[in-house]
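# Coordinates in review
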Amino acid sequence: MPRSPRAMLTFAALSLLGIGTAQAADSRTYAPYAAEPGGTAATVSVSATGKPGARTFHLTSTAPQRENAPSTRIIAEQGPFIRTGDNLFDALFAQAVDDARLASVSSIKDEWYNNRQPIPCPCFETGEKWNYVWTRDLSYALDLGLAGLDPRRAVNSLLFKTGSLRPGVPVPPELPPGSTQIVQDTGSGGSWPVSSDRTSWALGAEAALANLQGAERMEFAAKAFDALRGTLEADRVAIFDARSGLYKGEHSFLDWREQSYAPWVRQNLSALAETKALSTNVTQYRALRLAARLARDFGRTAVAARYDGWADALAVAIDAGFWDAGAGLYATYTSADLTPSLIGKFDLLGNALAVLSGVVPADRATSIFDRYPFAPFGPSVVWPQAPGEYVYHNRAQWPFVTAYAVRAAAQVGHVAAVDRGLAALERAAALHLSNMENLEWLTGKAQFDDGPEINSRRQLWSVGAYYGMVVETIFGWHAGADGVRISPTLTSALRDRFTGADSVLSNLDYAGRKVEIALILPPKHGPGARYPVASVHLNGTPITGLITAKQLRDGINRIEVRFGSPQESGSTVTDIPLIDAVSHAEPRAFMPWTPSIAAAGRRATGVRLDIAPPRDRTPVQYRVLRDGVTLAQDLAGQSWTDPAPPATALTACYSVVAVHVSTRIASQPSAPACLRGDAAQTLSVGRKAVLGQTLQLGAVTLPAAGRYALGTLYDNHIFALNTGITNAVKRLVLLGADGTRHSAIIQMPHIEPEGDKHPVRPSTRAIFDLPAGRYQVALEDFFNMSGLSTNITYSAPGGSAGPVNEAMIEALTIDKVAGP
């Protein structure tokens, strides 16, 4: 893959990167993607009247607006504002503040809640099209910057996304008394714990706590601690895999199944539930660290030690479990196999969060930004793309993800990635006159070819992204409970944007005091450098370390930052090849079509696999895995025989991965072909409903000790495959003849009907190392998201009519599998 030149060009040459060419003081033209059929340049013009802090900006864009929205926008400056000498840069920050104002509502509503009637809530709504509060959207938006803009509204919004268990819902003994739960919103297969990134809430809570003081902070800290403890303990029971040290569940944010996972996963959501995702594990890590800090604040030293211990181990597991040395990146997720294998899919959010959360060694952090591919107008959220899938998460940029990448790149001093990310964020906000939800990955447009499928203006996390990019990344304002840390990022390309002696961010608030930050501009320098901070002064007095509330006076407090001599970065990013803008399967940027195994069977010579013919003529080779372990690779034919299969007593699952011969980009793994061993058993239970009570599944005899995988064949068509809150979540229990109890959580997500038929699917598996003997097997109740008080007004199953945690059980399956 081509690498960009060592350094960025001068600002005037940055048009192809998205910043644009300064034609005149108040307009900027942005070039089209070079391989876009009929692509034309677009110009954004801005005029301003009034003095800084009270200006009115008039913005006009010649770019096509999605859904024929107006091509002009008038913004009255209010709240925090900047003065940089660049009207467009100042106006786009004012636009972010104005978008945040529009998202600040007194009530929220959603078609599935409260009979579509408004719910009183002085909260942040999710976007122009999304008038509700969603856990992950809110939390990332607050973490990116909006918690500092309105911390009280942030707290209101966060607490709206917590709740207690409803009356009659069993309280698992592992949950601490008085604890609450963070809401996992409606999602894949009926939500939690297929979707399991509700711990992203911790990032928003941490940001809110950093902007609160005194009694307000203590009150919210206590509620946050209760929500974190209940959530962390429930997740530890439901989704923690002790063998890998990782948490199971869907990727945070990439939650549109076939957009990011193999197509066959859509009809087999139990397999998705058993994958482990980088971003979701990082949010678990962040939640553990925050809970430990709060526990120390409340004098709960034993609890703090517990969570810090879990976090320490998780950090090691994340680094070991997701790092792909060949790619120089952390993989998005691992497979659901007994031995999880890395999938050749990479996402920018997970990698950026891993850097920012401190679980990444320095050399790997640098590698991420050297190796993650950038399109001309910014990085896509995933790499490589999925063939044949429309634009949404696939083939898309999301500004909030870009902002996280910029923040992480700034932290490790990767100037090239910072400059490219800043360019992408500005270009998107300028051309579309709002902070859009997402953009097509090559053209940077809000609508091109077949997507994005859905797109909202003033999407909350995009608003937080732009606001935080300016306030926190560029001007370096980092509030905390104990004070403010000042750490601006000024690259030489950014320095070229600003005119005058200084650039100033004004009307910030800390502990009830007004603050402004002035970056005293150093001499200009050639491209590719970063200016280190030389000194910080508060009201004329030199400051080292945090600026505390006690140091702030009445009136406006001025912080001045001076910079040292520029330091060359030498950093580069990887550029994607120039490909056709409407390509949906180009092998230089797309995975191969997911292969399938046509037949698998035991032969005298071993286990033979027949691979179905490829979908197109693009040359591919194959890799074969058994239970997640690679057995063969670089296979050119459509059949292969395992010459050394496992013992016949063991069940083994084979899968294949296709690899482009020309680019070595790998596909998603095929659906597994499982050959059940002689020790496998299927115990029919006669299609019984498992409701809130314990369901006895019968007795099983294990003739030999070993590792066993137990699950059910079930039907759960209570609601749609892609949404809802009624994933059936149960505790599978084995009781030995000597009274020994073994238990684990299994999930039975929603299944999509096939016409008027309701197929059965395998549940997630419970893995036990068991001695030989006779066991009684039962399903005991646990809870799902329908059990939370926050879903009482939900109009679909599990809501206003009462909690639902049920499935129809057809059989219990027991398979002896390869052990350690």
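Since the model is a prediction, treat every value here as computed from it, not as a measurement. (Residues numbered from 1 in each chain as written. Predicted model: local features only at pLDDT ≥ 70, side-chain atom pairs only at ≥ 80, totals over all residues. Heavy atoms only, no water.)

### Remarks on the sheet that holds strand S40 (residues 695-702)
Overall, antiparallel pairing links the 4 strands, which are arranged S40-S46-S42-S43 in an open sheet. The two strands at the open ends of the sheet, each matched to only one other strand, are S40 and strand S43 (741-748). Strand-to-strand twist across the sheet, computed as the mean angle between neighbouring axes with direction ignored, equals 25°. (Pairing = 2+ DSSP bridges. Helix = DSSP H or I, 4+ residues; strand = E, 2+ residues; numbered from the N terminus. Axes fitted to C-alpha atoms, helices over the stretch in contact; angles between N-to-C directions.)

### A short note on the packing of helix H1 (residues 87-103) against helix H13 (residues 460-474)
Contact geometry for H1 and H13: axes closest at 9 Å, N-to-C directions at 135°. Judged by the angle between their axes, H1 and H13 are oblique. The way H1 lies across H13 gives a crossing that is left-handed. Contacts between H1 and H13 pair Phe89, Leu92, Phe93, Ala96, Val97, Asp99, Ala100 and Ala103 from the former with Leu460, Val463, Tyr466, Tyr467, Val470, Val471 and Ile474 from the latter. (Parallel < 35°, antiparallel > 145°, perpendicular 65-115°, else oblique. Left-handed = near helix turned anticlockwise from the far one by under 90°. Contact = heavy atoms within 4.5 Å.)

### Remarks on helix H10 (residues 362-371)
Three or more residues of H10 are buried, namely Ala365, Ser367, Ile368 and Phe369. Packing partners of the buried residues in H10 comprise strand S14 (323-324), strand S15 (329-330), helix H9 (348-356), helix H11 (399-412) and helix H12 (415-432). (Buried < 20%, exposed > 50% of the residue type's maximum accessible area, 1.4 Å probe, protein only.)

### Section: the pairing of strand S47 (residues 807-817)
For S47, a buried count of 9 out of 11 residues is recorded, marking the element as mostly surrounded by other parts of the structure. Direction of pairing for strand S39 (residues 681-690) relative to S47: antiparallel, over a ladder of 7 bridges. Its bridge partner lying in S47, Ala689 is registered against Met808. Looking at chain direction, strand S41 (residues 706-715) and S47 are connected through 9 bridges and run antiparallel. Counted as the bridge partner of Thr712 is Leu812 from S47.

### Details of the sheet that holds strand S37 (residues 652-660)
Pairing is antiparallel in the open sheet, where 4 strands are placed in the order S35-S34-S37-S38. Each end of this open sheet is capped by a strand with a single partner; those strands are strand S35 (629-635) and strand S38 (673-675). If you compare each strand with its neighbour and ignore which way they point, the axes differ by 20° on average. In terms of strand pairing, strand S34 (residues 620-626) meets S37 through 7 bridges, oriented antiparallel. Considered in S37, the bridge of Tyr622 is made with Ala658.

### Things to note about helix H2 (residues 135-149)
Across its 15 residues, H2 extends only 18 Å between first and last C-alpha, which sits more than 12% below the 21 Å expected from 1.5 Å per residue. Along its length, H2 shows its largest kink, about 75°, at Asp143. Burial analysis of H2 places 13 of its 15 residues in the buried class, which makes it a mostly covered element. (Expected span 1.5 Å × (residues − 1). Bend = angle between axes of the 7 residues up to and from the residue.)

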